[in-house]
Amino acid sequence: MRLNKLAMSVAAIAVVASGLAADTSAMDVEKVFEKECQGCHGPNHEGGVGSDLRPAVTAKKNAYELAATILNGKAGTAMPPFKEKFSKADADKMVDYIQHFKGRKINQLTLDTVKSGWKKLNDRMEFFKKYPNPADVKKNTDICFVTERDAERVAFVDGTTGKILSKHPAGFAVHVTVTNKRQPRYAYSISRSGLVTMFDLNTPGQQKIAECQVGSESRGLAVSPDGKYLMAGNYTPGGAILMDAMTLEPLKVYPTSSVIKPNGDIDSSRVAGIFDTPYGPYIAFALKDGGHVYIVDYSKPGFPIVGDIPNIGDILHDGFLNEGKEIGRYLFIASQGSDVVGVVDFKTKSLVTKIYTGPASKPHPGQGSSWFNETLGKQLGATVNMNLGQVTIWDDHFDVIRHIPTGGGGLFVGTSEHTPFIWADNVLGSSNVWNQVHLINKQTLELDRIITVGTTEGTVTDPVTHKVLYKWKVPTVKDAKGEAVVPRILHAEPANHGHWTMISEWNAGRIGIYEAKTGNFVKYIEGLTTPTFTYSIEHRQTIPGA
């Protein structure tokens, strides 16, 4: 009898070790990993924003603990809980897949492949002649893009009224939207599934002009200031794609299947951030895994790479450009694996310095913040950090002058000339703080007030006295179990000629509108699905690289 019990125990351990009874799940783990996990953990599980998940790292770890992390997330990091999407059996199966992953072949980016995914959808010139003026708004710069991540679409909103104008399918997890500053009637989106879409904002319903499938996983997008070129960045297959901004015709590809990484290895690299600049005829793209920034001169025949800035750091992601003196000369590029923001100089095509944001901080500036501080007489810049509840601020000598504590890890910090604050979200913090946006006074560099959106009530409070300065009634949103949802809020975007700031409520399906000067609530835009990135055409006209 004792022997039988021992045999049963050994059998049970074997089941756990071989995948925690993963065969009870019908999940296609490879497809789910590509959709949900690959963006942070890499197509070959090599890590990035997320941990290295290759078998050499994970095979020795406790499978139960890995499954629990998948279901419950990991506090203080970008790892979200998946218990609403995965069963325990799904998580067990995912762990088995990760621990026994054999690797995958990554195809090389080619111009012919990208051209095969290019489609003309409407006649641009016909629209140009038929709609010389916007059909749905007074000015096309009144329009705001909204990415509806889980609905795989973009929505267009009148930024002066909050009215939803139209919605369009635009690929899985639409990630970035940009406008053509030379001709702001044209706007573009790119999805994580590699679909680039061009829209005409003057037409009724903001019709599509063209689309191009540039890869199977993508992130960045930028338009040259002269309005002629659009560049997209690919994770898979790695590289950048230069296109005609009036047609989306692919013109050139820059494969990154073989680059020298910071540790000296030669390997492929994803391309993350894409940045145009008014400082010169340049578009830069960042090699996420390679630690390089390449600068392309689009004014020269063949669109050559004229600058290669190496050794910036591990895991390059997003960034923004300087404002003020010599606007657009410097690119602030986040290195999330090295906890620095690299300063790339477009004039000298070199790395000026590295701004250290703090241990295990993982800077993520999003659109970033740049403003003039009258007390110091300096142009300042700022980022939030994914793993730390803090805003890091530096001056125009690239020296860190302040670390301002917030509630938790954030993804976006933003401002404009119309607000006295920089607005920092805490969306990667715990549920106790992810419903807050911290407003930091741009002159005193002190936390001035906190916006909190509860399940039934919202407040604006003084962080020192805790006095409620303003409050409003919040419509309660319930989940599938009938439980009240604590709104997860992120990405503050100026709108309505600077009078408003829009804040997305990820899990509540709406956008909150606030007074830019006070932070007081104005109203909601409802009827959206996981709204994430809000992009004001008017505001971004004046921001270099945005």
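Structural notes, computed from the coordinates. (Residues numbered from 1 in each chain as written. Predicted model: local features only at pLDDT ≥ 70, side-chain atom pairs only at ≥ 80, totals over all residues. Heavy atoms only, no water.)

1. Quick look at the sheet that holds strand S12 (residues 250–255)
For clarity, the cut-off: At least two bridges found by DSSP between two strands are what make those strands a pair. Only DSSP runs of H or I covering at least 4 residues are called helices, and only runs of E covering at least 2 are called strands; the numbering of each starts at the N terminus. What counts as an axis is a line fitted to C-alpha atoms, over the stretch in contact for a helix, and the angles between N-to-C directions run from 0 to 180 degrees.
Pairing within the open sheet is antiparallel, and its 4 strands lie in the order S9-S10-S11-S12. Edge positions in the sheet fall to strand S9 (217–223) and S12, since each of these pairs with one other strand and no more. Direction aside, the axes of adjacent strands within the sheet are offset by 20° on average.

2. Considerations on the packing of helix H4 (residues 63–72) against helix H5 (residues 88–99)
To keep it simple, the criterion reads: Working definition: roughly parallel below 35 degrees, roughly antiparallel above 145 degrees, roughly perpendicular at 65 to 115 degrees, and oblique for all remaining angles. Two helices cross in a left-handed way if the nearer one is turned anticlockwise from the farther one by less than a right angle. They cross in a right-handed way if the turn is clockwise. Contact between two residues is taken to exist if any of their heavy atoms lie within 4.5 Å; hydrogens are not considered. Charged residues are taken to be Asp, Glu, Lys and Arg, nonpolar residues to be Ala, Val, Leu, Ile, Met, Phe, Trp, Tyr, Cys and Pro, and polar residues to be all remaining types, Gly included.
Two elements in contact, H4 and H5, have axes separated by 9 Å at closest approach and are oriented at 120°. In terms of orientation, H4 lies oblique with respect to H5. Considering the relative orientation of H4 and H5, their crossing is right-handed. For the pair H4 and H5, contact is made by Ala-63, Tyr-64, Leu-66, Ala-67, Ile-70 and Leu-71 and by Lys-88, Ala-91, Asp-92, Met-94, Val-95 and Gln-99, respectively. Residue composition of the contact of H4 with H5, by class: 9 nonpolar, 1 polar and 2 charged.

3. A short note on the environment of Ile-543
With respect to the helices and strands, the residue Ile-543 is situated in the segment after helix H8 (537–540). Ile-543 sits 221 residues away from Asn-322 along the chain, and the two C-alpha atoms are 9.1 Å apart. Filtering out sequence-adjacent residues up to four positions away, Ile-543 remains in contact with Lys-181 and Glu-323.

4. Thoughts on the nonpolar core
Where a protein is soluble and globular, its nonpolar side chains tend to be buried together. Formally: Working definition of a nonpolar core: buried Ala, Val, Leu, Ile, Met, Phe, Trp, Tyr and Cys residues. They are joined through side-chain atoms within 4.5 Å. For every residue, the accessible area (1.4 Å probe, protein chains only) is compared with the maximum for its type, and the residue is labelled buried under 20%, exposed over 50%, or partly exposed between those bounds.
Membership of the largest hydrophobic core comes to 46 residues, with the highest contact counts inside it found for Tyr-188, Val-196, Val-214, Leu-221, Leu-230 and Met-243. Per element, the largest residue contribution to this core is 4 residues, and it comes from strand S6 (residues 186–191). If we skip the residues at most four places from it in the chain, Met-243 touches Val-196, Cys-212, Val-214, Lys-228, Tyr-229, Leu-230, Ala-232, Leu-248, Glu-249, Pro-250 and Leu-251. Ranked by size, the runner-up nonpolar core spans 18 residues in total, among them Val-29, Phe-86, Val-95 and Ile-98.

5. Focus: the pattern of salt bridges
Operational definition: Criterion for a salt bridge: a side-chain nitrogen of Lys or Arg within 4 Å of a carboxyl oxygen of Asp or Glu.
Inspection of every chain in the model, using the stated rule, returns 16 salt bridges. Close ionic contact of Asp-448 with Arg-449 constitutes a salt bridge, the shortest N to O distance being 2.9 Å. Given a relative accessible area of 22%, Asp-448 falls into the partly exposed group.

6. Focus on H4
To keep things clear, this is the line we draw: It is the directions from the helix axis to the C-beta atoms whose arc is reported.
For H4, the complete set of buried residues consists of Ala-63, Ala-67, Ile-70 and Leu-71. Angular distribution of buried residues about the axis of H4 spans 95°; they occupy a single face of the element. Close packing links the buried residues of H4 with H5. Residue Gly-73 follows H4 closely and has a positive phi angle near 75°.

7. Describing H5
Under the convention used in this document: Given a helix with a known number of residues, its expected span is that number minus one, times 1.5 Å.
Taking 1.5 Å per residue as the helical rise, H5 with its 12 residues ought to reach 16 Å, and the 17 Å between its terminal C-alpha atoms agrees with that figure. The buried fraction of H5 is high, at 9 of 12 residues. Among all positions of H5, only Ala-89, Asp-90, Ala-91, Asp-92, Met-94, Val-95, Tyr-97, Ile-98 and Gln-99 are buried.

8. Thoughts on the packing of aromatic side chains
Short version of the rule: Here a pair means two rings of Phe, Tyr or Trp (six-membered ring of Trp) with centres within 6.5 Å. Their orientation is stacked below 30 degrees between planes, edge-to-face above 60, and tilted elsewhere.
According to the stated counting rule, one finds 25 aromatic pairs in the structure shown. Each ring, one from Tyr-97 and one from Phe-101, has its centre 5.7 Å from the other, and the planes form 70°; the classification is edge-to-face. With relative accessibility at 16%, the residue Tyr-97 sits in the buried group. Classification of Phe-101 by relative accessible area gives buried; the value is 11%. Geometrically, the ring pair formed by Phe-320 and Phe-332 is tilted, given 5.2 Å between the ring centres and 50° between the ring planes. Here Phe-332 lies in strand S20 (residues 330–335) and Phe-320 lies in strand S19 (residues 316–321), a separation of 12 residues in the sequence. One aromatic cluster in this structure is built from Phe-145, Phe-156, Phe-199, Phe-533 and Tyr-535.

9. Let's talk about the pairing of strand S33 (residues 489–495)
Of all 7 residues making up S33, 7 are buried, and the element is well covered by its neighbours. Pairing geometry for S33 and strand S34 (residues 500–505), over 6 bridges, is antiparallel. In the sheet register, Glu-493 faces S34, and the bridge partner there is Met-502. In this structure, the hairpin formed by S33 and S34 is closed by a connection of 4 residues, where Asn-496 is found at a positive phi of approximately 55°.

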